[in-house]
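Breakdown of the fold
The chain contents come next:
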Amino acid sequence: MSMNRSELVAEVANKSGANKTVVNDVLDALFATFTEQVAKGEKVSIPGWLAVERTDRAARTGRNPQTGETIQIPAGHSVKLTAGSKLKAAVAKK
């Protein structure tokens, strides 16, 4: 079972007593901030809950699965999400 964005907005609005529109705007601002900071190479951390950071991926040699031809994959970036202690503890209880 998974929760989509509209279900998340409804649940947060219900628990906080805030309007769904306000909650949706806050989520938009949160994700925009994550995007801007991580794109700049900054780590965003919410202690106990999660950390989001950009990682570097080195250039490497790969293989085209259809032809078997060797190809060069350029260096790039990826995103790493790390669960915090409170989130890990909540999952361990289930």
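Residues numbered from 1 in each chain as written. Predicted model: local features only at pLDDT ≥ 70, side-chain atom pairs only at ≥ 80, totals over all residues. Heavy atoms only, no water.

1. Notes on the confidence of the model for the protein chain
- Mean pLDDT over the protein chain: 95, with 99% of residues reaching 70 or higher.
- Ranking the elements of the protein chain by mean pLDDT puts helix 3 (residues 85-93) last, at 93, and helix 1 (residues 5-16) first, at 97. (pLDDT = per-residue confidence, 0-100. Helix = DSSP H or I, 4+ residues; strand = E, 2+ residues; numbered from the N terminus.)

2. With respect to helix 1
- Along its 12 residues, helix 1 runs 16 Å from first to last C-alpha, staying within 8% of the 16 Å computed at 1.5 Å per residue.
- With its phi angle positive at about 80°, Gly17 sits one or two positions after the end of helix 1. (Expected span 1.5 Å × (residues − 1).)

3. Focus on a nonpolar patch on the surface
- Together, Ile46, Trp49, Leu87 and Val91 make up an exposed nonpolar region whose accessible area comes to about 350 Å².
- On the secondary structure map, Val91 appears in helix 3.
- For Val91, a relative accessible area of 57% gives the class exposed. (Patch = residues over 30% accessible without salt bridge, like charges linked within 9 Å, V, L, I, M, F, W, Y side chains within 5 Å. Areas by Shrake-Rupley, 256 points an atom, 1.4 Å probe, with all protein chains shown as cover. Salt bridge = Lys/Arg side-chain N within 4 Å of Asp/Glu carboxyl O. Buried < 20%, exposed > 50% of the residue type's maximum accessible area, 1.4 Å probe, protein only.)

4. So, the environment of Thr70
- Residue placement: Thr70 occurs in strand 4 (residues 70-73).
- The sequence separation of Thr70 and Asn14 amounts to 56 residues, and the corresponding C-alpha distance is 54 Å.
- Setting aside anything within four residues of it in sequence, one finds Thr70 in contact with Thr61, Gly62 and Arg63.
- At a separation of 3.5 Å, a polar atom in the side chain of Thr70 contacts the side chain of Arg63. (Contact = heavy atoms within 4.5 Å. Polar contact = N/O pair within 3.5 Å; in protein donor to acceptor, adjacent residues only side chain to side chain.)

5. Comments concerning the pattern of salt bridges
- Tallying each qualifying case throughout the model produces 2 salt bridges.
- For Asp28, the salt bridge identified is with Arg5, shortest N-O distance 2.5 Å. Placement of Asp28 in helix 2 (residues 20-39) and of Arg5 in helix 1 is noted, with a sequence separation of 23 residues between them.
- Given a relative accessible area of 33%, Arg5 falls into the partly exposed group.
- Lys15 is paired through a salt bridge with Glu11; the nearest N and O atoms lie 3.6 Å apart.

6. Some points on the sheet that holds strand 1 (residues 44-46)
- Spatially, 1-2-5 is the arrangement adopted by the 3 strands of the open sheet, whose pairing is antiparallel. At either margin of the open sheet sits one strand with a lone partner, and together these are strand 1 and strand 5 (76-83). Ignoring which end each strand starts from, the neighbouring axes of this sheet average 25° apart.
- Sheet topology places strand 2 (residues 50-57) next to strand 5; 8 bridges connect them, and they run antiparallel. Each residue of the ladder has a partner; that of Asp56, found in strand 5, is His77. (Pairing = 2+ DSSP bridges. Axes fitted to C-alpha atoms, helices over the stretch in contact; angles between N-to-C directions.)

7. A word on the pairing of strand 2
- Examined bridge by bridge, strand 1 and strand 2 share 3 bridges and lie antiparallel to one another. Each residue of the ladder has a partner; that of Ile46, found in strand 2, is Leu50.
- Taking the residues between adjacent antiparallel strands as the criterion, strand 1 and strand 2 are bridged by 3 residues, where Gly48 takes a positive phi near 90°.

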